[in-house]
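Each chain is listed here by its residues.
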Amino acid sequence: MAKLQNIFKVASNEKLCPKFYRLCIDAKPLKGKIKPGQFVHIRTNSGYEPFFRRPFSVYRDKRYIEVFYEAVGPGTTIMSQMKKGDDIDVLGPVGTPFDLPDKNIKQVVMIAGGIGIAPFMVLSDVLKKRKLEMIVLYGGRTRGHVYPMKEFKENGCKVHVATDDGSVGTHGRVSELFDKINLDPETTMVYTCGPTPMMAAVQKFARKHKLKGQAACEEIMACALGACLGCSIRTTNGFKTVCYDGPVFDLQEIIFD
Amino acid sequence: MSEINLSVKIGKAKFKNPVTVASGTFGHAEKYYDLEEVKKLGAITPKTVTLPAQEGNPPVRIVETPSGMLNAIGIENPGADGFIEQKLPGFQKIGVPLIISVLGHSDKEFQTIARKFTDAGGFAALELNLSCPNVGHKSLVAQDPKATYRIVKMVKKIADVPVIAKLAPNVTDITVIARAAEDAGADGLSLINTFTGMVIDVEKQKSVLGNFTGGLSGPAIRPLAVNLVYQTAQKVRIPIIAMGGIATAQDALQFILAGATMVAVGTMNFVNPRAPLDVLHGIEDYMKRHKIKTIKSLRGKVKR
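Note that this is a predicted model, so its numbers are computed, not measured. (Residues numbered from 1 in each chain as written. Chains lettered and ligands numbered in written order. Predicted model: local features only at pLDDT ≥ 70, side-chain atom pairs only at ≥ 80, totals over all residues.)

A. Region of interest: the overall build of chain B. Across its full length, chain B carries 10 helices and 16 strands. Here the C-alpha radius of gyration of chain B, 18 Å, is about what a compact globule of 304 residues would show, namely 19 Å. Seen through its C-alpha atoms, chain B measures out along the principal axes to roughly 55 × 50 × 40 Å. Taking all 304 residues of chain B together, the buried fraction comes to 56%. Considering only residue pairs separated by 6 or more positions, chain B has 72% of its internal contacts joining residues 24 or more positions apart. (Helix = DSSP H or I, 4+ residues; strand = E, 2+ residues; numbered from the N terminus. Rg over C-alpha atoms; globule rule 2.2 N^0.38 Å. Buried ≥ 20, exposed ≤ 12 C-beta atoms within 10 Å, placed from the backbone. Contact = placed C-beta atoms within 7 Å.)

B. Geometry of the pairing of strand E13 (residues 232-235) of chain A. All names here are of chain A. Two elements, E13 and strand E14 (residues 238-241), share 4 bridges in a ladder whose sense is antiparallel. When the sheet's bridge partners are listed, Arg234 is paired in E14 with Phe239. Counting the residues between successive antiparallel strands, the hairpin from E13 to E14 contains 2 residues. (Pairing = 2+ DSSP bridges.)

C. Region of interest: the sheet that holds strand E3 (residues 19-21) of chain B. Spatially, E3-E16-E15-E10-E9-E8-E7-E4 (chain B) is the arrangement adopted by the 8 strands of the open sheet, whose pairing is parallel. The open sheet has two free edges, formed respectively by E3 and strand E4 (49-50) of chain B, since each of these has just one partner strand.

D. Inspection of the pairing of strand E10 (residues 188-191) of chain B at higher detail. Residue and element names in this part refer to chain B. Here E10 shows two buried faces, one formed by Gly188 and Ser190 and the other by Leu189 and Leu191. Two elements, strand E9 (residues 163-166) and E10, share 3 bridges in a ladder whose sense is parallel. Of the residues in E10, the one forming a bridge with Lys166 is Ser190. Tracing the backbone out of E9, into helix H6 (residues 174-183) and back to the parallel element E10 gives a crossover that is right-handed. The pairing of E10 with strand E15 (residues 240-243) spans 3 bridges and is parallel. Within E15, the position partnered with Leu189 by the bridge is Ile240. (Right-handed = clockwise from strand over helix to strand, strands pointing away.)

E. Here's a closer look at the domain arrangement of chain A. Residue and element names in this part refer to chain A. The domain boundaries assigned to chain A delineate domain 1 (5-94) and domain 2 (107-216). Distance between the C-alpha centres of domain 1 and domain 2: 24 Å. Residue-level contacts link 16 residues of domain 1 with 14 residues of domain 2. The element best represented in the side of domain 1 that touches domain 2 is strand E4 (residues 54-61), accounting for 5 residues. Class assignment of the residues belonging to the side of domain 1 that touches domain 2 gives a composition of 10 nonpolar, 2 polar and 4 charged. (Domains from an automatic or database assignment. Nonpolar A, V, L, I, M, F, W, Y, C, P; charged D, E, K, R; others polar.)

F. Quick peek at the sheet that holds strand E5 (residues 62-65) of chain B. Residue and element names in this part refer to chain B. Ordered in space as E5-E6-E14-E11, the 4 strands form an open sheet in which the pairing is antiparallel. Both edges of this open sheet fall to E5 and strand E11 (195-197), since each of them pairs with a single strand only. Sheet twist, expressed as the average angle between the axes of neighbouring strands with direction ignored, equals 35 degrees. The pairing of E11 with strand E14 (residues 214-217) spans 3 bridges and is antiparallel. By the bridge assignment for E14, Gly197 is matched with Gly214. (Axes fitted to C-alpha atoms, helices over the stretch in contact; angles between N-to-C directions.)

G. Looking closely at the environment of Lys303 of chain B. In this fold, Lys303 of chain B is placed in the segment after helix H10 (275-289). Classification of Lys303 of chain B by C-beta neighbours within 10 Å gives exposed; the count is 4.

Okay, structure coming up:
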């Protein structure tokens, strides 16, 4: 068993577009062990400010373990300043991954908003070996929030983008792109990750058309090990921890407030 | 190495070293931890168990604070029967003595839960959580010396293992409550539970936590906790399990020098799961460096 908590080295840390960064971690013991949807819990500093670790979906599990993040608060701002060769304290991988599509599924739809695109890269890496149609519906606030979709296209995904200000792709919310989905419940599987209102819209759409789906959730987290029970969300089966029972849940199981 | 004696006692319960984990901070050992490492701990204290199952408080349940956190989990747990059936065997399998933490919402519940665990057996000590700030009571048992005395006395009649009272820092004079517990026959004290606190989201102009208030823990409260342990150790003879922001061996040694018999790593488990073992190894290194043979000889030795 790989150790739970490791000190690895930063292999690279680059700005991909105005808002987003990609951190590559030289984490040989974890290589090839990540299941899509799982996350790593990173301690951004050796002191107590900020106090909590920060959870990140694994973006890619290739030569390095990659995380994709936006520098928005004190933790990710510290991360954005990390350099090649720096030590990084990594817990994981942890969390319940996505269920991969059944054999009868012909179309996989990945619906993401903003930084919620992260877990779908590694999912498409795994699914590209199968004969599936992969569609990415991606919403961002502005041009600066739109991640270059090149790597998804390289994996054979059809990509459709919407921005709130219309600077790239369709003008409006990602829900404007739902008409790209083939509505056959027998052969379509929906995955979603992003802001709560977006996932709630996906849930409503999937329920209406009886589409199977899963959602990857995000919450403020302390332990990431199912110990503190701090990241619980409401589900149709009572409170569930995002870190341990999730982050991936059945799309219809989550109760969005 | 072999000449160092780290063993400690709470009542008749013996522990091979003074390091444990605070309740509510350690879970799923079987899935995540290297059990060979976990086996080195002096004791494990699972999350507080209540008589009926509790679903806990509505989100938001935690918020980061300067050098710490505020929580209002609300003791989500499977209840005494659920815990005894589903969780206790797994903890027992680890092979480290268990300190079982329980909370009743009435005298009767404390009695019943103590009986259930006494019947189940297979643990080293019973900790009475008299001090959770997040379960909706107007006052805590541990804010009232009479209630503390009454409940400890009642449980002592039932339990066949040492009984530990976990006290609250949210009191005018903790030593009064500590003495009430001692007078009632408590075999030890756990000091301290969290400080009641509040964080307000100024944009929304509302409290961040779903429960409105929560309990503050982490390194931010450590100096407060060290003082409360010191003050209490001056007034009672029973051993103290100290907790409050312990992250390193240096932190733990402060509590031992202040008079604690055992030390528990709590909130820091969330940030550094290796912290309890770092604390244990650091205490050993300190003792070697200072040529100290027994942990007992350090207890309460802070100079004035």
